[in-house]
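The residues making up each chain are set out below.
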Amino acid sequence: MKEHNITTYTTTNPAILKFETNHFITKNNSYEYKNIDDAKNSPLAQQLFYLPFIKTVYISGNFIALERFDIVAWDDVREEVAQQLVEYLNSGEAVVHEESDPQSVPATVYAENTPNPAAMRFVANKLIVPTIFEFKNSEEAKDSELATALFAFPFVKEVFLDENYVSITKTEAADWNEITIEIRERIQNFLLEGKEVVSANSIAKQKEEAPTSQSKSKNLDDISNEIIDILEEYVKPAVASDGGNILFQSYEVDTKIVNVVLQGACSGCPSSTFTLKNGIENMLKNMMGDKISEVVAVNG
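So, a few notes on the structure that sits alongside this text. On a predicted model such as this, the values are computed, not experimentally measured, just so you know.

Before going further, it helps to examine the packing of aromatic side chains. Scanning the model with the defined rule gives 7 aromatic pairs in all. Ring geometry for Y31 against Y33: centres 6.3 Å apart, planes inclined by 0 degrees, an arrangement best described as stacked. Summarising the aromatic geometry, the rings of F153 and F155 are spaced 4.9 Å apart at their centres and angled 15 degrees between planes, so their arrangement reads as stacked. Aromatic ring contacts, followed pair by pair, group F19, F53 and W74 into a single cluster. Lying across the ring of Y9, K18 places its NZ or CZ 6.0 Å from the centre.

This is the structure:
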């Protein structure tokens, strides 16, 4: 049985605290529960509603986000809640009895900060795209109605889509305090209307053209495939929770340099160099020894 650990993260809404685990707890669906009656298909959410300060429960991917009533402060109860979640997840009990149709869940969206002050992550309670899409401008977004609608805002610089969230990179002059609600509402309304986020043709093309760097390949050497395994298991879940993605680009045998591509909120993030050197590079060196000399982001 997998052992779960919990890490807590604040969000832009002070009433909502995110409890992230080191393993995925749902498949493709995300869920929102407003009360114990809503939570008939989630034994975990039902248990959480017995806490008198829980207002809303969100369960998605590898995290549980909880909205509290004002009767308590998170600083007073976060450790207790985190411990309760760890004990429940490690008991092996069901988190959600999942349905096959994610469209049966009404769309909701909430915003959360990322380590990149220029980027914000808008998380939906359901799957919105089956694979990653990154749009640097409105021209690139012509096959995505949602991204096109977001680029209509003059302060939207880049749009990144991944499964159940949208990462927005803003222009330097814009202030998140003034634009977050407007962006969140546009995304939520778009999803509520049931529109196609990305065209079916574009999705098929993206899957066909997905670079070998995103998965193990017979055309790559053993060291490259080992690097990909480590990135997939240990690094990608962490950067996804920060609104970004990392792709293996190449491994230089002579210099032992690993080249990667940063996407979404990770691209252009002031802390990305620190993360590469003190996080990813150290991890690869510890796990692969002298096979690795350096990790370099080719796009930043």
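The structure having been displayed, the exposition proceeds.
Moving on: the pairing of strand β11 (residues 244–252). As defined by bridge partners, β11 adjoins strand β12 (residues 257–264) across 8 bridges and the pair is classed as antiparallel. Following the sheet pairing, S250 is matched in β12 by N259. Where β11 folds back on β12, the antiparallel hairpin that results is connected by 4 residues, among which K256 adopts a positive phi of roughly 65 degrees.

We now examine the sheet that holds β12. The sheet built from 3 strands is open, its strands ordered β11-β12-β13 with mixed pairing. The strands lining the two open edges of the sheet, one partner per strand, are β11 and β13 (294–297). The sheet shows a mean angle of 30 degrees between the axes of neighbouring strands, taken without regard to direction. Of the strands in this sheet, β11 and β12 are in contact with helix α6 (residues 222–241), which crosses β11 at around 165 degrees.

Time to look at the nonpolar core. In terms of nonpolar packing, the biggest core is built from 32 residues, with V159, L161 and I183 touching the most fellow members. Where this core is concerned, the elements lending two or more residues are β6 (109–113), β7 (119–124), β8 (133–135), α3 (145–151), β9 (156–162), β10 (165–170) and α4 (176–192). By residue number, the principal contributor to this core is α4, which donates 6 residues. If near-sequence neighbours (up to four positions away) are discounted, L161 is found in contact with V129, T131, I132, F133, F135, S144, L146, V166, V197 and V198. Judged by nonpolar contacts, the second largest core, of 28 residues, contains I25, A39, F53 and L85.

Within a regular strand, side chains alternate between the sheet's two faces. Among the 6 residues of β10, 6 are classified as buried, and the element is accordingly described as predominantly covered. Residue alternation in β10 divides its side chains into two sets, Y165, S167 and T169 and V166, I168 and K170, and both sets are buried. Alignment of β7 against β10, held across 5 bridges, turns out to be antiparallel. Residue pairing across strands places F122 opposite V166, the latter belonging to β10.

Pairing within the open sheet is antiparallel, and its 5 strands lie in the order β1-β2-β5-β4-β3. Looking at which strands have only one partner, the edges of the open sheet turn out to be β1 (6–10) and β3 (30–33). For this sheet the average axis-to-axis angle between neighbouring strands, irrespective of direction, equals 20 degrees. With 6 bridges connecting them, strand β4 (residues 54–60) and strand β5 (residues 63–68) associate as antiparallel partners. Across the sheet, the residue bridging to I59 is I64, located in β5. With respect to the sheet, helix α2 (residues 74–91) is in contact with β1, β2 (16–21), β4 and β5, its orientation differing from that of β2 by roughly 30 degrees.

For the rest of this paragraph, the subject is unusual backbone geometry. One non-glycine residue, E163, adopts positive backbone phi at about 50 degrees. Assignment of secondary structure puts E163 in the loop between β9 and β10. A relative accessible area of 38% means that E163 is categorised as partly exposed. Even without being glycine, K256 reaches a positive phi, approximately 65 degrees. Judged by relative accessible area, K256 falls into the partly exposed class, the value being 32%.

On to the side chain of Q263. Tracing the backbone through its elements, the reader meets Q263 in strand β12. Owing to a relative accessible area of 10%, Q263 belongs among the buried residues under this scheme. At 3.3 Å, the side chain of Q263 forms a polar contact with the side chain of E134. At 2.8 Å, the side chain of Q263 forms a polar contact with the side chain of N245.

So, how was this worked out
Residues numbered from 1 in each chain as written. Predicted model: local features only at pLDDT ≥ 70, side-chain atom pairs only at ≥ 80, totals over all residues. Heavy atoms only, no water. Phe/Tyr/Trp six-rings, centres within 6.5 Å; stacked < 30°, edge-to-face > 60°. Lys NZ or Arg CZ within 6 Å of the ring centre and 35° of its normal. Pairing = 2+ DSSP bridges. Helix = DSSP H or I, 4+ residues; strand = E, 2+ residues; numbered from the N terminus. Axes fitted to C-alpha atoms, helices over the stretch in contact; angles between N-to-C directions. Contact = heavy atoms within 4.5 Å. Core = buried A, V, L, I, M, F, W, Y, C linked by side-chain atoms within 4.5 Å. Buried < 20%, exposed > 50% of the residue type's maximum accessible area, 1.4 Å probe, protein only. Polar contact = N/O pair within 3.5 Å; in protein donor to acceptor, adjacent residues only side chain to side chain.

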